[in-house]
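# Chain and residue survey
Chain residues, written in single-letter form:
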Amino acid sequence: GATKFLQKFQNYLNKKIKVHYNSKISVIKNNTKIDIFNNGKKISTDIIIWAANPVPLLKNLGYGNLDNPVTLVKVYCANIKILNKLNNKNFYIQVFSNKTNIFRIYIYELNGKFKITVETFFEKDKVIDDKIVKKILNKFNVKIKFKSKFLEFKEVRHNLMTVNDNNLFNRFEKDFKRSNIIGGGWHLTGREQKINYILEKVKNKNA
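The shown structure was predicted, so the numbers you read here are calculated from the model rather than taken from an experiment. (Residues numbered from 1 in each chain as written. Predicted model: local features only at pLDDT ≥ 70, side-chain atom pairs only at ≥ 80, totals over all residues. Heavy atoms only, no water.)

## Concerning the sheet that holds strand β2 (residues 33-38)
With antiparallel pairing, 3 strands are arranged side by side in an open sheet as β1-β2-β3. Because the sheet does not close on itself, it has two edges, and the strands there are β1 (25-30) and β3 (41-42). With 2 bridges connecting them, β2 and β3 associate as antiparallel partners. Following the sheet pairing, F37 is matched in β3 by K42. (Pairing = 2+ DSSP bridges. Helix = DSSP H or I, 4+ residues; strand = E, 2+ residues; numbered from the N terminus.)

Next up, the structure:
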């Protein structure tokens, strides 16, 4: 559902910076700094912001593996029709149940059409039951009709963090405090907190 936004964002970025797709990124420690490579070619950088998964970075730099338990998730998306009036056209429901593997449902409007995304804990050979989805939505007075079949894809979600993970993050921050690399605020929760953390780090690097 975010394709049009991402295309516009891409066009905006391409006016100011070069965006690399399908890149294999690797890093090598160079004394107190980090060299970063894109598909084997060194990239000239002033500051590196590693906002992605910290697991391969820390492992590559010799910190070892994070405890880093993962959750296997299957996500389903479909077009729907809303059969009753909604107070809010865009919302999500967090599901807590021992009767279904569904844990989150999103409903949102895009270009005048309603769509639904259902997130489930992955269970082999188990497919989504649209009757259960409707039953959950009925509890929130939301009545829908499916207008397309579900598209589905799998995700591996990393669950950070344990005490050991936090200690490794702190070691990284201390070791590379005066380096050219900034962590993505892996120890923080929430988008705004992570962004503010990175901005503050960039500000200090440029001071």
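## Overview of the pairing of β1
Successive side chains on a regular strand alternate, one facing one side of the sheet and the next facing the other. Two strands pair when backbone bridges link them, and β1 and β2 are joined in this way by 6 bridges, in the antiparallel orientation. In the strand pairing of β2, K29 is matched with I34. Between the end of β1 and the start of β2, which pair antiparallel, lie 2 residues, with N31 showing a positive phi angle near 60 degrees.

## Describing helix α4 (residues 163-175)
Spanning 13 residues, α4 covers 18 Å between terminal C-alpha atoms, matching the ideal 18 Å at 1.5 Å per step. Among the residues of α4, D165, L168, F169 and F172 are the ones counted as buried. For α4, the angular spread of the buried residues around the axis is 100 degrees, confining them to a single face. The outward face of α4, more than 90 degrees from its buried face, is lined by the exposed residues V163 and K174. Looking at the buried positions of α4, the neighbouring elements they touch are α2 (54-60) and β11 (181-183). (Expected span 1.5 Å × (residues − 1). Buried < 20%, exposed > 50% of the residue type's maximum accessible area, 1.4 Å probe, protein only. Arc of directions from axis to C-beta. Contact = heavy atoms within 4.5 Å.)

## Quick look at the packing of aromatic side chains
The full count for this structure, using the stated rule, is 9 aromatic pairs. Relative to F121, the ring of F103 lies with its centre 4.5 Å away and its plane at 35 degrees, an arrangement referred to as tilted. Of this pair, F103 sits in strand β7 (residues 102-110) while F121 sits in strand β8 (residues 113-121); the two residues are 18 residues apart in sequence, bridging distant segments of the chain. The exposure class of F103 is buried, given its relative accessible area of 8%. By relative accessible area, which is 41% here, F121 ends up partly exposed. Through successive ring pairs, a cluster of aromatic residues spans Y63, F169, F172, F176 and W186. (Phe/Tyr/Trp six-rings, centres within 6.5 Å; stacked < 30°, edge-to-face > 60°.)

## Observations regarding the pattern of salt bridges
One pass over the structure, following the stated rule, counts 8 salt bridges. In this structure, the salt-bridge partner of R104 is E119, at a minimum N-O distance of 3.2 Å. Of this pair, R104 sits in strand β7 while E119 sits in strand β8, and the two are 15 residues apart along the sequence. Of the two residues, R104 and E119, both sit in the buried class. (Salt bridge = Lys/Arg side-chain N within 4 Å of Asp/Glu carboxyl O.)

## A look at the side chain of S179
Following the sequence through the fold, S179 ends up in the loop between α4 and β11. The class of S179 is buried, set by a relative accessible area of 6%.

## Topic: the nonpolar core
Among the nonpolar cores identified, the biggest contains 20 residues, and I105, I107, I116, V133, L137 and I144 are the most heavily contacted of them. Only β5 (70-82), β7, β8, α3 (130-138) and β9 (144-146) provide two or more residues apiece to this core. Looking at this core element by element, the count peaks at 4 residues for β5. Apart from the residues within four sequence positions on either side, I116 is in contact with Y76, C77, A78, I80, I105, Y106, I107, V133, L137, I144, F146 and F150. The next biggest cluster of nonpolar side chains, apart from the first, holds 17 residues, and it includes I36, V55, L66 and F172. (Core = buried A, V, L, I, M, F, W, Y, C linked by side-chain atoms within 4.5 Å.)

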